[in-house]
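Coordinates in review
If you want the building blocks of each chain, they are given just below.
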Amino acid sequence: MTSKALDTLLKEERTFKPTPNFIKQAIMKDKNIYKQNNKQKFWEGFARELHWFKKWDKILEWTPPNAKWFINGKTNLTFNCIDRHLSTWKRTKAAIIWEGEPGETRTLTYQELHREVCQFANALKSLGIKKGDRITIYLPMIPEAAIAMLACARIGAPHSVVFGGFSSDSLRDRINDSKSKIVITADGGWRKGSIVPLKANTDEALRETPSIEKVIVVKRIGNEISMTKKRDLLWNDIVKTQPYDCEAEEMDSEDLLYLLYTSGTTGKPKGIVHTTGGYMTGVYATTKWIFDIKDSDIFWCSADVGWVTGHSYVVYGPLLNGATTLLYEGAPNYPDNDRFWSIIAKHRVNIFYTAPTAIRSFMKFGKELPQKHDMSSLRLLGTVGEPINPEAWIWYYEAIGRNNCPIVDTWWQTETGHILISPLPGITKLKPGSATIPFPGIDADIVNEKGESVDAGYLVIKSPWPGMLRGIYGDPERYQKQYWSQYKNWYFTGDGAKRDKEGYFWLLGRVDDVMKVSGHRISTMEVESALVDHKVVAEAAVIGKHHDIKENSIVAFVTLKANIKSSTDLTDELKNHVVKKIGSIARPDEILFTAELPKTRSGKIMRRLLRDIAEGRALGDTTTLADSNVVRRFYVEGYTQR
Ligand code: WTA
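Residues numbered from 1 in each chain as written. Predicted model: local features only at pLDDT ≥ 70, side-chain atom pairs only at ≥ 80, totals over all residues. Heavy atoms only, no water.

Another point: the overall build of the chain. A count of helices and strands for the chain gives 20 helices and 29 strands. Dimensions along the principal axes, computed over C-alpha positions, put the chain at roughly 75 × 65 × 55 Å. A total of 642 residues make up the chain; the buried ones form 62% of that total. Accessible area for the chain stands at about 24,500 Å²; split by element, carbon and sulfur atoms hold 49% of it. Within the chain, the 77 negative side-chain charges are centred at a point lying 2 Å from the centre of the 88 positive side-chain charges. (Helix = DSSP H or I, 4+ residues; strand = E, 2+ residues; numbered from the N terminus. Buried < 20%, exposed > 50% of the residue type's maximum accessible area, 1.4 Å probe, protein only. Areas by Shrake-Rupley, 256 points an atom, 1.4 Å probe, with all protein chains shown as cover. Lys, Arg positive; Asp, Glu negative; His and termini not counted. Charge placed at Lys NZ, Arg CZ, Asp CG, Glu CD.)

What follows is the structure in structure tokens.
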């Protein structure tokens, strides 16, 4: 965040109290709920609302940094998402409403979802999949994505969903790290009117994935694709003869539920480990209270299932609560810039949850577009993924919420599993730009390097919470170092935060080398390794530059090998190389060629200085620079060769 943005944020003094009408209907309206003297009992209360084959003996075992929740409890997440509702009137209610980018829709009731999930789970079993086998899901936003996840959870085969925007190289690395036996993909998906070639990408990835035995392909588009005999199977072919019922596996509360790869501060993505009982409880509780979800609601979270938001608040959270969840396949601006508003109007969406980047793009398109649509069904709005600037918050409140919907600005991470800091919409006074206060049962604080509570510093979580990550897959050392080495027994979030006089938290963005580009989490190191992988690149340094809409844009400083000349063609080639290595979400916005990178005497690249250069600020302190001429050369070369 720039210092100007920070200034505006901290001067923000407008507040918004819940209206009497909202309070009247809110699920949680008791302010005393924040006076939790027993956090474990608090969470246990939610666990009791769910189905367990066998109750737990103990709520928590905490041997830092390893937590176990609901010890010896046996449950099944899919049973709780579906079967639990089948004995009620919800059996015939819409569980999923799907809209494809070309405009077709499909609705699945809870009963239909049960059948589809069971049939697919049986198909997986018929292919020899057993509890514990990992399965990679590389699908567009179609109902089969949710069905596949739920089927995996039903039989205890952990899923690893890979976002459809990742390249074949990224898919390959994630398959190999998880040693998945099966990959589930589609012939393609629609994005801005073009086909995303998921099957072709999968074929490419599968040249170097020894663990994969079978590929299951959903026919989404109906285009020509190549099928490898014996290895590749069509979803419909393997499902159609399967029985309609499949028993839900009794999972231990701490059994692996899923892996989700995310960017850290090294070039290698890490497989975040989530287990069953605690995650289920945390996601259920936060969906219920923060989104104030009711039987009659249609809930739309616009995230892709490839991200944690899609896991927790497109699929699991809404279904655990017996709500109706809406899935949309395509781009927000296709065929027109008002696509989102037309979806809200068409399906009469009640709760809408999206990212600040999307809101800022919509602001640019103007208020007239939402005004063309009847969005009077909306009663609650949410944001996630990046800090939201007060201007965008107010626009969201007025243009989308018609001054009538509370906004829940929810802070959390892939690692936290569910929301940790957020308003409760029937209780909390809102301040534009602040995620407000920790959810009851969450012990968050802002501390300095010495661990003292301060008003501006690092955000930490001081006691375990049910949905917390249980590790980094196959790498306990990195888990310890990444999150638990900064403070003894406190979880280090990697985010900076400020606290105001009323104790509200204002999130200020990452303090490490993780960028947020249009809500996608990308590490500077990943992009750097993709660049140095190209034969002409000697060295690369990447920074996230402030961007008014996307939060960060990716700027790469590149040193070429001897005798290689920079050119516009080479710039394009390098950008495409990053797309090939990671995916289009990581395409650098700018590449600046330079003879040298500024380094400290100990050889560390001075990123702060690079950021100053990229954002056009006067240079900060350069006294530690090994060669101060480098700075001068930047100005000359970097900005003349762009
Ligand atoms: C950022 C997304 C400010 C933060 C669920 C965090 C936010 C990272 C907010 C995690 C928010 C998320 N306000 N910043 N409401 N929500 N962040 O793993 O920097 O993709 O560490 O999870 O997003 O990103 P991730």
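Moving on, we come to the environment of Phe365. Structurally, Phe365 is set in helix α13 (residues 356-365). Taking the relative accessible area as the measure of exposure, Phe365 reaches 25% and is therefore partly exposed. Separated by 32 residues in sequence, Phe365 and Asn333 place their C-alpha atoms 9.9 Å apart. Not counting residues within four places of it along the chain, the set of residues in contact with Phe365 comprises Asn333 and Asn337. (Contact = heavy atoms within 4.5 Å.)

Further remarks concern the packing of helix α7 (residues 168-178) against helix α8 (residues 198-205). Packing of α7 against α8 brings their axes to within 8 Å, and their N-to-C directions diverge by 55 degrees. Considering their axes alone, α7 and α8 lie oblique with respect to each other. Handedness of the α7/α8 crossing: right-handed. Contacts from Ser168, Leu171 and Arg172 of α7 reach α8 at Asn201, Thr202, Glu204 and Ala205. Class assignment of the residues belonging to the contact of α7 with α8 gives a composition of 2 nonpolar, 3 polar and 2 charged. (Axes fitted to C-alpha atoms, helices over the stretch in contact; angles between N-to-C directions. Parallel < 35°, antiparallel > 145°, perpendicular 65-115°, else oblique. Left-handed = near helix turned anticlockwise from the far one by under 90°. Nonpolar A, V, L, I, M, F, W, Y, C, P; charged D, E, K, R; others polar.)

Attention now goes to the site of the ligand. Close to the ligand lie 17 residues, the nearest being Asp409, Thr410, Thr414, Arg510 and Arg521. For the ligand, a nitrogen atom lies 2.7 Å from a polar atom in the side chain of Asp409. Surface burial for the ligand is 96%, taken as the share of its 530 Å² of free accessible area covered by protein chains. Of all elements in the fold, only α11 (308-320), β20 (407-410) and β24 (505-510) reach the threshold of two or more residues within the shell around the ligand. (Near = heavy atom within 4 Å. Polar contact = N/O pair within 3.5 Å; in protein donor to acceptor, adjacent residues only side chain to side chain.)

Before going further, it helps to examine the side chain of Ser211. Locating Ser211 in the fold gives a position in the loop between α8 and β11 (214-218). Classification of Ser211 as buried rests on a relative accessible area of 18%. Polar contacts involving the side chain of Ser211 include one to the main-chain carbonyl oxygen of Ser180, which spans 2.7 Å. The contact partners of Ser211, leaving out residues within four places of it in the chain, are Ile175, Lys179, Ser180 and Lys181.

One open sheet accounts for 7 strands, arranged β5-β4-β17-β16-β18-β19-β20; its pairing is mixed. The outermost strands of the open sheet, each flanked by one partner alone, are β5 (105-109) and β20. Within this sheet the neighbouring strands show an average axis-to-axis angle of 20 degrees, counted without direction. When strand β4 (residues 94-99) meets strand β17 (residues 324-328), the two strands line up parallel, connected through 4 bridges. From the neighbouring strand, Glu99 faces β17, where its bridge partner is Tyr328. (Pairing = 2+ DSSP bridges.)

The next point concerns the nonpolar core. Ranked by size, the top nonpolar core spans 151 residues in total, and within it Phe120 and Tyr316 carry the most contacts. Here this core takes 10 residues from helix α6 (residues 143-155), the largest share from any one element. Tyr328, Phe362, Trp393 and Cys405 belong to the second-largest nonpolar core, a separate cluster that totals 32 residues. (Core = buried A, V, L, I, M, F, W, Y, C linked by side-chain atoms within 4.5 Å.)

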